[in-house]
Every structure is written in C-alpha cells, then in structure tokens.
Amino acid sequence: MGLLSQLARGLVRGADRLSPFTSKRGPRSFNKGRGAKKLGVLTSNKKFLLVKEMVPEFIVPDLTGFKLRPYVSYRAPEGSEPPATAKQLFDELVAPRIEKDVKDGTFDPDNLEKYGFEPTQEGKLFQLFPKNYVR
Amino acid sequence: MRLSALLSAARPRLPLGYRHGTWPPDSAAARLRNPPGQRRRKVFVEPIAEDDWKVFWGDTVQVLTGKDAGKQGRVTQVVRPRNWVVVEGLNTHYRYINRTAKYSGTYIASEAPLLLNQISLVDPEDRKPTEVEWRYTEEGERVRVSLRSGRILPVPPQPRRDGIVPENWIDGPKDTSVEDALAKTYKPSLKTFEEEIMDAMGIVETRRAKKSYWY
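In this text the structure is predicted, and so the values were computed from the model without any measurement. (Residues numbered from 1 in each chain as written. Chains lettered and ligands numbered in written order. Predicted model: local features only at pLDDT ≥ 70, side-chain atom pairs only at ≥ 80, totals over all residues. Heavy atoms only, no water.)

J.: Go over the overall build of chain B with me, naming the residues and quoting the values.
T.: Of the regular secondary structure elements, chain B holds four helices and 11 strands. Relative to its length of 215 residues, chain B is extended, with a C-alpha radius of gyration of 28 Å against a globular reference of 17 Å. Seen through its C-alpha atoms, chain B measures out along the principal axes to roughly 85 × 50 × 50 Å. Within chain B, buried positions represent 26% of all 215 residues. Charge separation in chain B, taken as the distance between the mean sites of 36 positive and 28 negative side-chain charges, equals 11 Å. (Helix = DSSP H or I, 4+ residues; strand = E, 2+ residues; numbered from the N terminus. Rg over C-alpha atoms; globule rule 2.2 N^0.38 Å. Buried < 20%, exposed > 50% of the residue type's maximum accessible area, 1.4 Å probe, protein only. Lys, Arg positive; Asp, Glu negative; His and termini not counted. Charge placed at Lys NZ, Arg CZ, Asp CG, Glu CD.)

J.: Which residues make up the packing of aromatic side chains, and what are the values?
T.: All names here are of chain B. Under the definition given, this model contains nine aromatic pairs over all chains. A centroid spacing of 6.2 Å and a plane angle of 80° characterise the contact between Phe 56 and Trp 134, whose relative ring orientation is edge-to-face. Taken together, the positions of Phe 56 in the loop between α2 (28–33) and β1 (60–63) and Trp 134 in strand β8 (residues 132–136) put the pair 78 residues apart, joining distant regions of the chain. Comparing Phe 56 with Trp 134 shows no difference in burial state: the two are buried. Plain terms: the ring middles of Tyr 213 and Tyr 215 are 5.6 Å apart, the flat faces sit at 55° to each other, and that makes the pair tilted. Exposure class is identical for Tyr 213 and Tyr 215. Each is exposed. Through a chain of ring-to-ring contacts, the aromatic side chains of Tyr 94, Tyr 96 and Tyr 107 assemble into a single cluster. Residue placement shows Arg 74 over the ring face of Trp 57; its charged tip is 5.3 Å from the ring centre. Across the ring face of Trp 134, the terminal group of Arg 142 is positioned such that the distance to the ring centre comes to 4.3 Å. (Phe/Tyr/Trp six-rings, centres within 6.5 Å; stacked < 30°, edge-to-face > 60°. Lys NZ or Arg CZ within 6 Å of the ring centre and 35° of its normal.)

J.: Could you give me a rundown of the sheet that holds β8 of chain B, with the residues and numbers involved?
T.: All names here are of chain B. An order of β8-β9-β10 is seen for the three strands of this open sheet, with the pairing classed as antiparallel. Edge strands, defined here as strands with exactly one partner in the open sheet, are β8 and β10 (152–153). Here β8 runs beside strand β9 (residues 142–146); their pairing, made up of five bridges, is antiparallel. Pairing of Tyr 136 across the sheet is with Arg 142, part of β9. (Pairing = 2+ DSSP bridges.)

J.: Lay out the interface of chain B and chain A in plain terms, naming residues and giving numbers.
T.: On the chain A side, the residues contacting the 39 residues of chain B number 38 residues. Both sides together, the interface formed by chain B and chain A hides about 3300 Å², and carbon and sulfur atoms give 62% of it. If you look at where chain B meets chain A, you find four salt bridges. Summed over the shared surface of chain B and chain A, the result is 10 residue pairs in polar contact (both at pLDDT 80 or more). (Contact = heavy atoms within 4.5 Å. Buried area = accessible area lost by both parts, 1.4 Å probe. Salt bridge = Lys/Arg side-chain N within 4 Å of Asp/Glu carboxyl O. Polar contact = N/O pair within 3.5 Å; in protein donor to acceptor, adjacent residues only side chain to side chain.)

J.: Give a description of the pattern of salt bridges that names residues and reports values.
T.: Residue and element names in this part refer to chain B. Throughout the structure, instances matching the rule amount to 18 salt bridges over all chains. Two residues, Glu 125 and Arg 151, come together in a salt bridge whose shortest N-O distance is 2.7 Å. Residue Glu 125 is found in the loop between β7 (119–121) and β8, and its partner Arg 151 is found in the loop between β9 and β10; the two are separated by 26 residues along the sequence. We classify Glu 125 as exposed; its relative accessible area is 54%. By relative accessible area, which is 25% here, Arg 151 ends up partly exposed. Through salt bridges with shared partners, a single ionic network connects Asp 123, Glu 125, Asp 126, Arg 148 and Arg 151.

J.: I'd like a rundown of the UniProt feature "domain: Large ribosomal subunit protein uL24 C-terminal" (unreviewed entry) in chain B, residues and numbers included.
T.: Look at the UniProt record and you will see "domain: Large ribosomal subunit protein uL24 C-terminal" (unreviewed entry) annotated at residues 91–153 of chain B. As annotated, residues 91–153 of chain B has a helix share of 0% and a strand share of 46%, and its two end C-alpha atoms lie 24 Å apart. (UniProt positions renumbered as here; feature names shortened; annotations may be inferred.)

J.: Run through the nonpolar core, naming residues and quoting values.
T.: Ranked by size, the top nonpolar core spans 16 residues in total, and within it Val 55, Val 61, Val 85, Val 87, Ile 119 and Leu 121 of chain B carry the most contacts. When contributions to this core are tallied by element, the ones reaching two or more residues are β1, β3 (84–87), β7 and β8 of chain B. (Core = buried A, V, L, I, M, F, W, Y, C linked by side-chain atoms within 4.5 Å.)

J.: Which residues make up the sheet that holds strand β2 (residues 72–79) of chain B, and what values do they have?
T.: Residue and element names in this part refer to chain B. Across the sheet, five strands lie side by side as β6-β3-β2-β1-β7; this open sheet has antiparallel pairing. Bordering the open sheet on either side are β6 (114–115) and β7, each of which pairs with just one other strand. The pairing of β2 with β3 spans four bridges and is classified as antiparallel. Within β3, the residue paired with Gln 77 across the bridge is Val 86.

J.: Please give an account of unusual backbone geometry that cites residues and values.
T.: Along the chain, Phe 129 of chain A connects to Pro 130 of chain A via a cis peptide bond; the corresponding omega equals -5°. Along the polypeptide, Pro 130 of chain A turns up in the segment after α2 (86–104). Despite not being glycine, Lys 46 of chain A shows a phi value in the positive range, around 60°. Along the chain, the position of Lys 46 of chain A falls in the loop between β1 (40–42) and β2 (48–50). Its identity is not glycine, yet Asn 83 of chain B carries a phi of approximately 55°, on the positive side. With respect to the helices and strands, Asn 83 of chain B occurs in the loop between β2 and β3. Given the relative accessible area of 6%, Asn 83 of chain B is considered buried.

What follows is the structure in structure tokens.
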C-alpha cells in the first residue's frame, strides 16, 4: 500500500526500502526467524534438549462470573484514579496495626516482620528489587 | 521525503482546488463533485482565524437576512472552509428525494447554508442577537462573552467525530456495563499479584532461581 500510494502520486520509484525485510518477503530459500527465544540447549550431537522451566505456562484463574469484559461502554464517565503509592499502601494496611500495638504497649521496634517488613529479598520467589518477575 | 509521504498517506490531505460542500469530505457526493484533476473557479471566503471562530454546532443563532429573517434556530452543521452554518428548519427550499423510475419521490424541505454575516449569536437570557467576543475569565478559561450584556455564552457540548452519542449507546456483548466498570473491587494487600494468585490457586513452589548477575 505504501508503494502504491506513492506511485499514484507519480514521483517516487524503486523498491520499498523502509519496511522491514521479514521472512514473508524474499525467495523460498530465504529463512529468517521472527524473534522466538530458544527454549533449551543444543547438545554436541546436534540434538535439542528442551528445558521445561523455560517453556512459559499460562496460569489462568477460573473466570466464571467475572463481570469485566474487553471493552467499556461509551456511557461510562471519563476519569481515572491517581496511581497507588507505597505510602498509601502503608497507611491503609500497616499504620493501623502499628498504632494499635503502640496503644496496647506491645510495639517492638526490633520485630517489624509481623507488620510485613522484609529485611532482605533473598530467599523470596518474587523479589521486589531487583525485580525478577515479568510484569 | 519518504517519511512525509507515509505520514500524508495516513491522513489524506484534500487537493488544492477542493470545493467544500455540506457533505463530509470522504463521501460519495464529495468524490462525485471533486473528481481528480478538476479545476473550478475559486470561492472567495472571508479569512477567519482558527481561534476567532465563534459559532459552534448546537448554538442558537438568529438569521438576519433572507426568507426567514428574524427567526432563531439551532446550528446543525458548520462548514469552516466556506464560513457556512446550516440552521435547523430555516432558509429552506424544497426538493424531492428517493426518486425511482416508478415513484416520483418524497417532497422534503432542505436547509441551505448561511454565511456567518447572515447569522448572529443570541444572548442566552435576552434571546436577542448580540455581538460576541472571546475573552478570558478570572480562572483563565477562554469563553465567549456577549458585548451588550456581558453574559457568557457557553459552548454547547460538541458531537464526537465517530458520531456516537453516549446517551443512546446500547452495550454490545463485549462491553462492560457502567456499574461493573466503576465498581471498586480492589483489596489492598502487601502481597504481589503473582503471590496472591499462587495462594488463591494453591500453587506451591519451593524451588528458587539461581542467583545471576547483570554486570
């Protein structure tokens, strides 16, 4: 379409140099991948060993009775909520518990793990920093 | 040069001598009246700056000259390149539509466009024609002000370019209803999304990834 519209204008000649040269163009012998990652290792006798951990597995919860759908009605008003911050999470979840403990007199500054404090990210499956999950 | 050609292909520019009418520029009527290579006499139009334009779709205006002089009506169409305004039910002539070989057609009244100097905006409370100017309010908002009384003429809500009227929209099977979209079901928690799903589905993962370094 790009070349045709330019030819219709009548001044431009030649092949389409701007669009990417994918495996859909070129002769039959032209073999090029589309960027899929290798999910294993090629051994010395050219056999491919699949690593099961590298194969992505989609974990989808049961969606029966789920009310949200792909599109939103045009009748819905525009607008958005401000993005959530760490301070908001702290104020909603942790601050009330700390206040209650301070009032009861059982607040221990050395034992903050019971409010959700994590001194290191070692040993966690989903580490927050450096982030080791894809989101 | 090629990049500009690509960009202009995305939003087609109208040719130089395009004759505007009351039809949309991408319709069969436009293609019929503006075949490629047509050269017509130029229509001279009083140049009005883009931000000086005062009459919008949905405004009430009074017609000053012509058969319906003195009558007020709503603006149903604005054609800026020709300074035209079509007022509902006023300045009408009659014509036949839907003619076939057997049927002579329906006789309807069709409105002719009016130029901006045959039109005057109307004060909202007086309902008399006034001169209008663009001015800024205390808050910095740009509004139309009637010169005679100083009242503000609010710009009526403009229709969407795709022609959808949200009030009359009927939800399809893939549309979330308004109540479901606005319902707040988020429960804040200190777990990440992935950890919550693992708890909900009862997935237990005791293996840990080997430590690796990006440097």
